[in-house]
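Here are the chains, one letter per residue:
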Amino acid sequence: MRIQQLWVGWLVLAASLAAQPLQVVTTQPDLADLARRIGGEQVSVHSLTSGTEDIHLVSVRPSMLNRVRKADVFLQIGMSLEHSWVPALLDAARNPRVRPGGEGFINGSAGVEAMGRPASLSRAEGVDLHPEGNPHYNLDPERVRVLARNIAAGLSSMRADQAAQFTANLQSFEAELDAKMAAWQATLSPYAGQSILETHDTWVYFAERFGLKIQARLEPKPGVAPSAGHLGSLVEPAKLAKVRVVIAPRGKTESAEKLAELIGARVLVLPTSSTTDGDTAGWIVFMDHVVNSLAAGLKP
Ligand SMILES: [Zn+2]
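> How would you sum up helix 8 (residues 228-240)? Please name residues and give values.
For helix 8, the set of buried residues is L231, L234, V235 and A238. Elements in contact with the buried residues of helix 8: strand 5 (195-198), strand 6 (213-217) and helix 9 (254-263). The first or second residue beyond helix 8 is K242, which carries a positive phi of 55 degrees.

Set out below in structure tokens:
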């Protein structure tokens, strides 16, 4: 009896050890949401940013180092989106498991087709924030499908005995994505072919997916603030193209407001990722918000 109890106790202990969730650290909240959906109870996920910062320019804090030091998995968007801070963070954290090449490093952009690769990498005109092409593929549902598959594959290689569960979770996400995609297409289809202006080189994947035209962008180069002369040069072409909407990121709306007034358009402040809290928490909820806001803004 006693031996039997010991044996049962040992089995319970072994099972609880095996079920320790993987500590997953992500650079931003879309990744965290997908990792939770796919990893389920096998993961404990923390996003280093909340979705309200400029993801290109994040200051590394000591708390981030501690997270990465203890991580089993590190998940990034990639395509140099985080290049101003992630390589330094991974160097400083000295956790070989989660560095590129380590078993716990997952690059979300593996196999994602990039748009907008620069013809040359000259930095003469200032910082180029998109040296590998446009990294804002989290705004395209079909590229997010590839990202979700990368996460499922990465987690499966870490925990092979749970691969079937990760695949099932991925399939349920993809089924929801298919249904949502049909709804989003229906919401935006009345505005197909319309021209929009954007502040940063952010919406190229989204625009292509939903049939919108980016007539121009306010930043002459990603990360370079527009001069008055550059803004002035955008006015007549935007009027000709009947632009109704100028998209601006949170907290960076001044130039967009000036230009919108000159061309008789409205400024639409759109988040560029989901957030850890609030009404854009969760990637699907965030995308719902973007699609609905754009449809409202594009209405004559
Ligand atoms: Zn960017």
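Now that the structure has been shown, we can carry on.
> Mind laying out the packing of helix 2 (residues 29-39) against helix 6 (residues 163-188), listing which residues take part and the relevant values?
The N-to-C vectors of helix 2 and helix 6 enclose an angle of 125 degrees; their axes lie 7 Å apart at closest approach. In this view, helix 2 runs oblique relative to helix 6, as classed from their interaxial angle. Along the contact surface, helix 2 presents L34, R37, I38 and G39, while helix 6 presents F166, N169, L170, F173 and E176. Its residues assigned to classes, the contact of helix 2 with helix 6 shows five nonpolar, two polar and two charged.

> So what about the pairing of strand 8 (residues 266-269)? Which residues, and what values?
Two elements, strand 7 (residues 245-248) and strand 8, share four bridges in a ladder whose sense is parallel. Looking across to strand 8, one finds that V246 is bridged to V267.

> Provide a residue-level description of the coordination of the zinc ion, including the pertinent values.
For the zinc ion, every protein donor is listed as H56 (NE2), H130 (NE2), H136 (NE2) and H200 (NE2), and the spread of their distances is 2.0 to 2.1 Å. Of note, the zinc ion draws all its donor residues from one chain, in the sequence arrangement H-x73-H-x5-H-x63-H. Note on H130: relative accessible area 2%, which makes it buried. According to the relative accessible area criterion, H136 is buried, its value standing at 4%.

> Could you give an account of the packing of aromatic side chains, with specific residues and numbers?
To describe a pair of aromatic rings, you give the distance between the ring centres and the angle between the ring planes. Applying the stated criterion across every chain yields a total of four aromatic pairs. Ring centres of W203 and F206 lie 5.4 Å apart, and the angle between their planes is 90 degrees; this geometry places the pair in the edge-to-face category. The two residues W203 and F206 agree in class, both being buried. Grouping aromatic residues by their ring pairs yields a cluster made of W203, F206 and F210.

> I'd like to hear about the sheet that holds strand 7, residue by residue, with values.
The strand order across the open sheet built from four strands is 6-5-7-8, with neighbouring strands paired in parallel fashion. Two strands lie at the open edges of the sheet, namely strand 6 and strand 8, each paired on one side alone. Pairs of neighbouring strands in the sheet enclose a mean axial angle of 35 degrees, with direction left out of account. Against the sheet, helix 10 (residues 283-298) makes contact with strand 5, strand 7 and strand 8, and its axis sits at roughly 175 degrees relative to strand 8, the strand it touches most.

> Break down helix 2 for me, with residues and values.
For an α-helix, the turn length of 3.6 residues means that residues three or four places apart are oriented alike. Across the eleven residues that make up helix 2, a large majority, nine, are buried. Of the residues making up helix 2, those classed as buried are P29, D30, L31, A32, D33, L34, A35, I38 and G39. Positive backbone phi, approximately 55 degrees, marks G40, located one or two places after helix 2.

> Quick one: what's the story with the nonpolar core, residue by residue and with numbers?
Judged by nonpolar contacts, the single largest core of 71 residues is most densely connected at V68, F74, W184, F206, W283 and L294. Per-element tally for this core: the top contributor is helix 10, with nine residues. In this structure, this core is formed jointly by two domains, domain 1 (19-112 + 126-181) and domain 2 (192-269), each of which donates at least three residues. Residues in contact with W184, not counting those within four places in the same chain, are P141, L177, F210, W283, I284, M287, D288 and V291. Of all hydrophobic cores here, the second largest spans 15 residues; its members include L218, L231, A248 and I263.

> Can you explain the sheet that holds strand 3 (residues 73-76)? Please cite residues and give values.
Judged by pairing direction, the sheet is parallel, and its four strands sit side by side in the order 2-1-3-4 without closing on themselves. Where the open sheet ends on each side, the last strands, each with one partner, are strand 2 (43-47) and strand 4 (105-107). If you compare each strand with its neighbour and ignore which way they point, the axes differ by 20 degrees on average.

> Account for the domain arrangement of the protein, with residues named and values stated.
In terms of domains, the protein is made up of domain 1 (19-112 + 126-181) and domain 2 (192-269). A separation of 30 Å is found between the C-alpha centroids of domain 1 and domain 2. With 18 residues of domain 1 at the interface, the matching set in domain 2 holds 15 residues. Taken over both partners, the interface formed by domain 1 and domain 2 buries close to 1400 Å², and the fraction arising from carbon and sulfur atoms is 56%. Contact with domain 2 buries surface across domain 1, with N134, L139 and R143 losing the most and accounting together for 35% of the total. Counting every contact that joins domain 1 to domain 2 gives one salt bridge. Between D140 and R209 there is a salt bridge, with the nearest N and O atoms lying 2.7 Å from each other. It is helix 5 (residues 141-158) that contributes the most residues to the side of domain 1 that touches domain 2, three residues altogether. Each residue belonging to the side of domain 1 that touches domain 2 can be placed in one class, and the counts come to seven nonpolar, seven polar and four charged.

Rules used throughout
- Residues numbered from 1 in each chain as written.
- Predicted model: local features only at pLDDT ≥ 70, side-chain atom pairs only at ≥ 80, totals over all residues.
- Heavy atoms only, no water.
- Buried < 20%, exposed > 50% of the residue type's maximum accessible area, 1.4 Å probe, protein only.
- Helix = DSSP H or I, 4+ residues; strand = E, 2+ residues; numbered from the N terminus.
- Contact = heavy atoms within 4.5 Å.
- Axes fitted to C-alpha atoms, helices over the stretch in contact; angles between N-to-C directions.
- Parallel < 35°, antiparallel > 145°, perpendicular 65-115°, else oblique.
- Nonpolar A, V, L, I, M, F, W, Y, C, P; charged D, E, K, R; others polar.
- Pairing = 2+ DSSP bridges.
- Donors = N, O, S within 2.8 Å, 3.2 Å for Na, K, Ca; no water.
- Phe/Tyr/Trp six-rings, centres within 6.5 Å; stacked < 30°, edge-to-face > 60°.
- Core = buried A, V, L, I, M, F, W, Y, C linked by side-chain atoms within 4.5 Å.
- Domains from an automatic or database assignment.
- Buried area = accessible area lost by both parts, 1.4 Å probe.
- Salt bridge = Lys/Arg side-chain N within 4 Å of Asp/Glu carboxyl O.

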